[in-house]
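Inside the fold
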Amino acid sequence: MKYILIIALFSLTLFLSCSKEVKQDVEVYFNDFETNDLNGITLGRIEDYNKSKVLGRYNSGGFDLQIKDLPKHKLVVISFDLYIHDSWEGKGIDNIDGPDIWKMIVDDNLYINTTFSNAPCNDSNFCPPQSYPFDYPNSSQNPKWGSVSRNLPGACLSAGVIGGTTLYKITKTIEHSKATLLLQCRDQLIQNNTQDNNCDESWSVDNIRVKVINL
Ligand SMILES: [Ca+2]
Ligand SMILES: [Ca+2]
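We now turn to the structure provided with this report. (Residues numbered from 1 in each chain as written. Chains lettered and ligands numbered in written order. Predicted model: local features only at pLDDT ≥ 70, side-chain atom pairs only at ≥ 80, totals over all residues.)

**Considerations on the overall build of the protein chain**
- Within the protein chain, the regular secondary structure consists of two helices and twelve strands.
- Moving toward the C terminus, one meets the helices and strands of the protein chain in the order α-β-β-β-β-β-β-β-β-β-β-β-α-β.
- Among the 215 residues that make up the protein chain, the fraction classed as buried is 34%.
- Put simply, 66% of the contacts in the protein chain that link residues at least 6 apart link residues at least 24 apart. (Helix = DSSP H or I, 4+ residues; strand = E, 2+ residues; numbered from the N terminus. Buried ≥ 20, exposed ≤ 12 C-beta atoms within 10 Å, placed from the backbone. Contact = placed C-beta atoms within 7 Å.)

Laid out in structure tokens, this is it:
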């Protein structure tokens, strides 16, 4: 009987500690943009891409997302799908078409400052490397490195001609305890030999999720 009591007490303690941990991990924001919800977003625009609504597309711009009234927390986990559309050239060649820089900033702190290359590399003379998953100016990664899908249709250029679209899953866990959070995503794309920059290369995001964790 004594042992049964000890086991029961142990199980109860385990259950309570587990349920407490679950409560400490709270999703405070999710947006798949299917209802055109731009609450809290400035510079927002929504487009259809590949049978889904996405935030974007952007070229030489980006968006701000402000989330207020966060519960008490020590960490935030920010995750989203990042679509790199069409003809990005990573580090670039001769400063005509790069570097093609993409940034993620949280509360004025730079957490990602990288380049992406969408080059198909079927011509060995045109295979500019990218920085991702590292920060620029590191430029030693192959195009599309670290992506989860690399054969999606282009957003503007004819499918399969130059690059198509590459999908990256971005996840960042950062120390954060303020009651408000400002997420900013920006690019500095360079393309000096086109009339239509937004068609030549652009980006969009989908399924933005923000969780707070109180340790
Ligand atoms: Ca969507
Ligand atoms: Ca470019």
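**Here's the deal with the pairing of strand 10 (residues 165-175)**
- Across eleven bridges, strand 6 (residues 75-86) lies against strand 10 in antiparallel orientation. Residue pairing across strands places Ser 79 opposite Thr 171, the latter belonging to strand 10.
- When strand 9 (residues 149-152) meets strand 10, the two strands line up antiparallel, connected through two bridges. In the sheet register, Leu 152 faces strand 10, and the bridge partner there is Thr 165. (Pairing = 2+ DSSP bridges.)

**A short note on the environment of Arg 186**
- With respect to the helices and strands, the residue Arg 186 is situated in strand 11 (residues 181-188).
- The class for Arg 186 is partly exposed, based on 19 C-beta atoms found within 10 Å.
- Taking the C-alpha atoms as reference points, Arg 186 and Gly 62, separated by 124 residues in sequence, lie 4.4 Å from one another.
- Not counting chain neighbours up to four residues away, the residues in contact with Arg 186 comprise Gly 62, Lys 103 and Ile 105.

**Structural notes on unusual backbone geometry**
- Backbone torsion omega between Gly 56 and Arg 57 reads 0°, so that peptide bond is classified as cis.
- Here Arg 57 lies in strand 4 (residues 52-58).
- Residue Pro 99 is bonded to the preceding Gly 98 through a cis peptide linkage, with omega at 5°.
- The phi angle at Phe 33 is positive, at roughly 65°, despite the residue not being glycine.
- By the C-beta count within 10 Å, which is 22 here, Phe 33 ends up buried.
- Positioned with a positive phi, Lys 144 is a non-glycine residue whose angle comes to about 70°.
- The residue Lys 144 is located in the loop between strand 8 (109-115) and strand 9 in this model.
- Exposure remark for Lys 144: the 25 C-beta atoms within 10 Å place this residue in the buried category.

Everything listed here is a matter of geometry and, on its own, says nothing about what the molecule does.
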